[in-house]
Amino acid sequence: MGMLAAAEAVVFSAAARAMLPPPPPDITAWCEANIVFDDRSPMPGPFRIDRFPFLREIHAVLSPEHPAREVTVRGSAQFGKTVSIIQPTLGAWHSYTALDSLVVHPTQTAAKEWVMNKWMPMRRSTPALREIFGEGRGDNVDAMFNMETVERNGSLKVASAGSPADLTGTSRRLVIGDDISKWEMSEKGDPEALMVSRAQAFEEAKVLRISTPLVKGTCRITRAFDRSDQRFFHVPCPHCGTMAPLTWENFRASLDPERLHAAHFTCDACGCVITHGDKEAMVRGGQWVPSNPRGDHPGFHLWGAYAPQRDWASIAVAYAQVMGWTSATLTEATAEGLKKQVEAETEQVFWNDVLGLPYEQASKGPDWEALRDRAEHAPEDETLPQGILPATGFILAAGADCQADRIEVQIVAFGRNLQRRVIGYKVIPHYVGDEDGRAALDALMKETWRTERGLRFPLDMLAIDSGAFTEDVKAWAKRYPASRVIHVKGAVSATGPVLLPMRERRADGKVIRTSRQGFMLNVSQMKADFYAWLAKADPLERGFVGFARAMGDEYFRQLTAEVRVLNRSRSGVVTSSWALAEAGRRNEALDTMNYAEAAARRKGWTALTDDQWHALSDERGAAPAEGQGDLFDAAVPLVAAAEQKTDQTPEAPRETPAKGGFLGLQPGKKWF
Ligand SMILES: [Zn+2]
């Protein structure tokens, strides 16, 4: 279809075109005529549909001539939705007809990022877009969010789902909702409903929803996909020709931790192995097959296994990484692939970004009695008494929660492979704003804990809750450098980064600067991840949570005090929130655990390299030397080193592990 349309375009002379209405836009042909991937792309050169044959039908239903009024595309993070679907759809529609279009992103930041880094570069480098929108040089930001076409007969508006005012009072025939899984409810209502209502004035409007999924039950793109005709891309078995979609279940079933590089699919019909070498030819022979006869619009599901730039071994390696299969079993080749391709720190990110599937999260909290029993019945040699540190590499962090009459503090050692071990829990019977309270916290900062081999260490970092008693908490925190004490506050949003620096504002609301000591926490995400980790029973598993002996029933009750509940609004939108599992249950142990984790993350817990963990382990796991110097001082370089880098870079949403030395430390360099 694309090639044919291009050939026809050549045949028509300018005169003939002047007499005929323009041919209906073919988005595939638009891609082939206008997109050239640059040298940084895994596949540099002009866009060729035979590399992405699954896009052809998506392009077809997105054409203005196609009767579908809604289109849903749910997919993993690596199929180029922006460059090969969103932007070509805009380009092709605007070249075809006078048009007002609307593109909505989850937040103002995401909208700006799209305009500056995706849309403007393409608009400037693509003659077809320059013809419609002009050069756009020297445009201010406002102009970039409201782009008029050169002939003034159309416009492209860019908006944020977080600013409902942007979504009202404008009628648009083409409406694109990008990353809609990340859209949150606002006080003004549901941004998705507002977006859809923009198109209601037009009989021939089209609404595209496109996103990676998030959590099952609340995920907007999955809700839209479930309502759609649910198309999956079926490909022929290279051995028997049977058509079937590439599914994760099939791939997972043949995964061998010892041979990740040989990851493959297996044909259900003939039992033959389907290897990555077969992929290109298979995908070229593929076709979309709807699976929901009651669907009310075209919906497509795509994931990394189909992407030409993604090899199957790298998917296996990413999975091995999140599951904590030891790196010793990886061959050198896959270990190399691992370095390049690790994008999923948690199982949820793997499901969302690699598989393009919503993650099923336990909505029931963990059973506190089972957890207590597991901790209390753990073998002697796997546990330590309270207050004793393991002789291994760790970041010693504490989280503090302030109440009117007390401060509760949890002390946790965070190790490699996202494992952690609870060291102890203290209740300081004073208010944070009192002299006694401050003195007790000061003493805590000076206190040292002994490893099982006898070295002593102070806290690397303490995170204290500033959600309540804010001024008193900040006043105390200011006594310490941001490399040892941070103050934190739970964010309302459930989709932001785990750790986001607070903005310091003047009285008039203007941002003065980004705080070095204050952070917003995505506590919703942290709790969900923590509960998933709490379920791991094997101490060698990635994410395992270990406990000091005799923490007591109340501790375990508090640690598991909250459950995720789903709330359905009258408009049908489902959101989730955390609530106490039963009224009156206290939750300080869970809160302080989150704060301690925030402190550890600030020290690079999720980003240290293997070499850095080894170095830390050599130093902290050692036996005390004769006539050893001051160990309090000895710990400081780690603090300073981690601080150096994290201060420059606010943490990315899931803090992808070290891309080339997060701490700026050389492997083998002595730490302290
Ligand atoms: Zn077969």
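Quick caveat, the model's predicted, so the values are computed rather than measured. (Residues numbered from 1 in each chain as written. Predicted model: local features only at pLDDT ≥ 70, side-chain atom pairs only at ≥ 80, totals over all residues. Heavy atoms only, no water.)

## Observations concerning the packing of aromatic side chains
Each pair of aromatic rings is reported with the distance of its centres and the angle of its planes. Under the defined criterion, the tally for this structure stands at 31 aromatic pairs. Residues W248 and F251 carry aromatic rings whose centres are separated by 6.0 Å and whose planes lie at 45° to one another, so their mutual orientation is tilted. A residue pair is termed a helical-turn pair when its members lie 3 or 4 positions apart in one helix, as W248 and F251 do in helix α11 (residues 248–253) at three residues. Note on accessibility: W248 and F251 belong to one class, buried. What links up through ring pairs into an aromatic cluster is the set F37, F47, F52, F54, F233, W288, F300 and Y306. When the ring centre of W368 is taken as reference, the NZ or CZ atom of R557 above it lies at 4.6 Å. The residue whose ring lies beneath R620 is F457, and the NZ or CZ to ring-centre distance is 4.9 Å. (Phe/Tyr/Trp six-rings, centres within 6.5 Å; stacked < 30°, edge-to-face > 60°. Helix = DSSP H or I, 4+ residues; strand = E, 2+ residues; numbered from the N terminus. Buried < 20%, exposed > 50% of the residue type's maximum accessible area, 1.4 Å probe, protein only. Lys NZ or Arg CZ within 6 Å of the ring centre and 35° of its normal.)

## Concerning helix α18 (residues 470–477)
The set of residues buried in α18 consists of V473, W476 and A477. In a view along the axis of α18, the buried residues occupy a sector of 100°, so they form one face of it. Summarising the contacts, the buried residues of α18 are in contact with β16 (395–402), α17 (435–446), β21 (461–465), β22 (485–490) and β24 (511–521). (Arc of directions from axis to C-beta. Contact = heavy atoms within 4.5 Å.)

## Digging into the side chain of S524
Mapped onto the elements of the fold, S524 is located in helix α19 (residues 523–534). When sequence neighbours within four positions are dropped, the list of residues in contact with S524 reads A494, R564 and W578.

## Thoughts on the packing of helix α3 (residues 27–34) against helix α5 (residues 81–96)
Taken N-terminus to C-terminus, the directions of α3 and α5 make an angle of 100°; their axes are 9 Å apart at the nearest point. It follows from the interaxial angle that α3 and α5 lie roughly perpendicular. Residues I27, W30 and C31 of α3 pack against S84, P88, T89, G91, A92 and S95 of α5. Of the residues assigned to the contact of α3 with α5, the class counts are five nonpolar, four polar and no charged. (Axes fitted to C-alpha atoms, helices over the stretch in contact; angles between N-to-C directions. Parallel < 35°, antiparallel > 145°, perpendicular 65-115°, else oblique. Nonpolar A, V, L, I, M, F, W, Y, C, P; charged D, E, K, R; others polar.)

## Overview of the environment of S155
Here S155 shows up in strand β6 (residues 155–160). Along the primary structure S155 and L99 are separated by 56 residues, whereas in three dimensions their C-alpha atoms are 6.5 Å apart. The residues contacting S155, other than those within four sequence positions of it, are H94, L99, D100, S101, M147, E148, T149 and R172. Looking at S155, its side chain comes within polar contact range of the side chain of D100, at 2.8 Å. (Polar contact = N/O pair within 3.5 Å; in protein donor to acceptor, adjacent residues only side chain to side chain.)

## Some remarks on the pattern of salt bridges
Evaluated as defined, the whole model comprises 31 salt bridges. Its salt-bridge partner being K81, residue D179 comes within 3.5 Å of it at the nearest N-O pair. With D179 in the loop between β7 (174–178) and α9 (191–198) and K81 in helix α5, the pair connects residues that are 98 residues apart, well separated along the chain. Just as D179 is buried, K81 falls in that class too. Where R420 meets E597, a salt bridge forms, and the shortest distance between an N and an O atom there is 2.9 Å. In this pair, R420 sits in strand β18 (residues 420–428) while E597 sits in helix α21 (residues 588–602), placing the two residues 177 residues apart along the sequence. A relative accessible area of 3% means that R420 is categorised as buried. The buried category is assigned to E597, whose relative accessible area is 1%. Here the salt bridges do not stand alone but share partners, grouping E70, D190, E192, R209, R220, R223, R227 and D296 into one network. (Salt bridge = Lys/Arg side-chain N within 4 Å of Asp/Glu carboxyl O.)

## Remarks on helix α6 (residues 108–125)
Helix length check: α6 (18 residues) gives 25 Å between terminal C-alpha atoms against 26 Å at 1.5 Å per residue, within 8%. Where α6 bends most, at W119, the angle is about 40°, and the proline P121 comes one to four residues later. All of the buried residues in α6 are A111, W114, V115, W119, M120, M122 and R123. (Expected span 1.5 Å × (residues − 1). Bend = angle between axes of the 7 residues up to and from the residue.)

## Brief notes about the sheet that holds strand β23 (residues 499–505)
Strand order in the open sheet formed by eight strands is β23-β24-β22-β21-β16-β17-β18-β25, with mixed pairing between adjacent strands. The strands lining the two open edges of the sheet, one partner per strand, are β23 and β25 (545–547). Across the sheet, the mean angle separating the axes of adjacent strands is 35° when strand polarity is ignored. Alignment of strand β17 (residues 407–414) against β18, held across eight bridges, turns out to be antiparallel. (Pairing = 2+ DSSP bridges.)

## A few points about the sheet that holds strand β20 (residues 456–457)
Spatial strand order, β15-β19-β20: three strands in an open sheet with mixed pairing. Each of the sheet's edge strands pairs with one partner strand only, and the pair in question is β15 (388–389) and β20.

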